[in-house]
Amino acid sequence: EAGVTQFPSHSVIEKGQTVTLRCDPISGHDNLYWYRRVMGKEIKFLLHFVKESKQDESGMPNNRFLAERTGGTYSTLKVQPAELEDSGVYFCASSQPNRLGQYFGPGTRLTVT
Amino acid sequence: QQQVKQSPQSLIVQKGGISIINCAYENTAFDYFPWYQQFPGKGPALLIAIRPDVSEKKEGRFTISFNKSAKQFSLHIMDSQPGDSATYFCAAALLYNNNDMRFGAGTRLTVKP
């Protein structure tokens, strides 16, 4: 069984540019989560999808961040325009309905210069 | 405001020794406490988890000790091995809403041969 995959693994962009991160969850996992870890800090929750619906987006920093999950399969997280403080590692995780434990992807390291 | 505080930030242990990582939480409503292990270039992987109705859970060389009254829990790695070298994250979550997971800042463990 394939795990959670994320693309790209690393992205370096300039301040003001746009970046789109992609996450492919484990097949059959209705729950999909986005997290971010700034260097040396805790992993912070961004948002949670159940299928294609946003269950909770209380962790999204501001309206420069837009997450979508069309069709309830893969998800994208767009940052537009990117700011320096957006740098960090963005993790995606997925889980089955009513099951404990989230499966994380390898993350996308975003560097905004 | 960080809801889960983790210490130490880094830890060096000799092979065969005991590694101990501590976490403290604030919200007494949390009822699920997982530990995640992350190797370089990989995403965090669920290692072991505990519910607050028990004070200890052991899986192989890994043990969680839980103190509900003190709102603290810790991970003990017995007979630590170089292959255990990784970053460890504690987390606390609400079972009825398992997207509401709060992570500690992580502990980088190095086990010297």
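Within any chain, residue numbers begin from 1 and follow the written order of that chain's sequence. By the order in which they are written, chains take letters starting at A while ligands take numbers starting at 1. pLDDT decides what is reported in this predicted model: residues at 70 or higher carry local features, side-chain atom pairs at 80 or more are listed and counted, and totals for whole chains, interfaces and linings draw on all residues regardless. Processing note: side-chain calculations cover all non-hydrogen atoms of the structure and skip hydrogens and water entirely.

Digging into the sheet that holds strand β1 (residues 5-7) of chain A
Pairing between sheet strands relies on hydrogen bonds along the backbone, with the strands arranged either parallel or antiparallel.
All names here are of chain A.
Then step 1. With respect to topology, four strands assemble into an open sheet ordered β1-β3-β8-β7, the strand pairing being antiparallel. Since the sheet does not close on itself, it has two edges, and those belong to β1 and β7 (65-68), each with one partner. Sheet twist, expressed as the average angle between the axes of neighbouring strands with direction ignored, equals 15°.
Then step 2. In this analysis, strands are considered paired if DSSP registers two or more bridges between them. In DSSP terms, a helix is any run of H or I states spanning at least four residues, a strand is any run of E spanning at least two, and both are numbered starting from the N terminus. In this structure, β7 lies alongside strand β8 (residues 75-79), joined through four bridges in antiparallel fashion. Within β8, the position partnered with Ala67 by the bridge is Leu77. Angles here are taken between N-to-C directions and fall from 0 to 180 degrees, while the axes themselves are lines fitted to C-alpha atoms, restricted in helices to the stretch in contact.

Describing the sheet that holds strand β1 (residues 4-7) of chain B
All names here are of chain B.
Then step 1. Overall, antiparallel pairing links the five strands, which are arranged β1-β3-β8-β7-β6 in an open sheet. Edge positions in the sheet fall to β1 and β6 (56-59), since each has one partner strand and no second. The sheet shows a mean angle of 15° between the axes of neighbouring strands, direction not considered.
Then step 2. Bridge count for β1 against strand β3 (residues 19-25) is four bridges, and the pairing is antiparallel. Across the sheet, residue Lys5 finds its bridge partner in β3, namely Ala24.

Topic: the pattern of salt bridges
Residues and elements named next belong to chain A.
Then step 1. A carboxyl oxygen of Asp or Glu within 4 Å of a side-chain nitrogen of Lys or Arg is what we treat as a salt bridge. Per the counting criterion, the structure on display carries seven salt bridges over all chains.
Then step 2. We note a salt bridge from Lys54 to Glu57, for which the minimum N-O separation is 3.8 Å.
Then step 3. Burial classes follow relative accessibility: with a 1.4 Å probe on protein chains only, a residue under 20% of its type's maximum area counts as buried, one over 50% as exposed, and anything between as partly exposed. Look at Lys54 and you get partly exposed, because its relative accessible area is 36%.

Topic: the nonpolar core
Residue and element names in this part refer to chain B.
Then step 1. Residues enter a nonpolar core if they are buried and are Ala, Val, Leu, Ile, Met, Phe, Trp, Tyr or Cys, with the set joined through side-chain atoms within 4.5 Å. Residues Tyr25, Phe33, Trp35, Phe73, Leu75, Tyr88 and Leu109 are the most contacted members of the largest nonpolar core, which totals 25 residues.
Then step 2. Within the residue set of this core, elements represented by two or more residues are β2 (10-14), β3, β4 (33-38), β5 (45-50), β7 (62-67), β8 (72-77), β9 (86-94) and β11 (107-112).
Then step 3. It is β9 that provides the largest number of residues to this core, a total of five residues.
Then step 4. Contacts are assigned to residue pairs with any non-hydrogen atoms lying within 4.5 Å of each other. Once you skip the residues sitting within four places of it in the chain, Phe33 turns out to touch Tyr25, Ile48, Ala49, Ile50, Pro52, Ile64, Phe66, Phe73, Ala91 and Ala92.

Remember, this is a structural readout, not a statement about activity or role.
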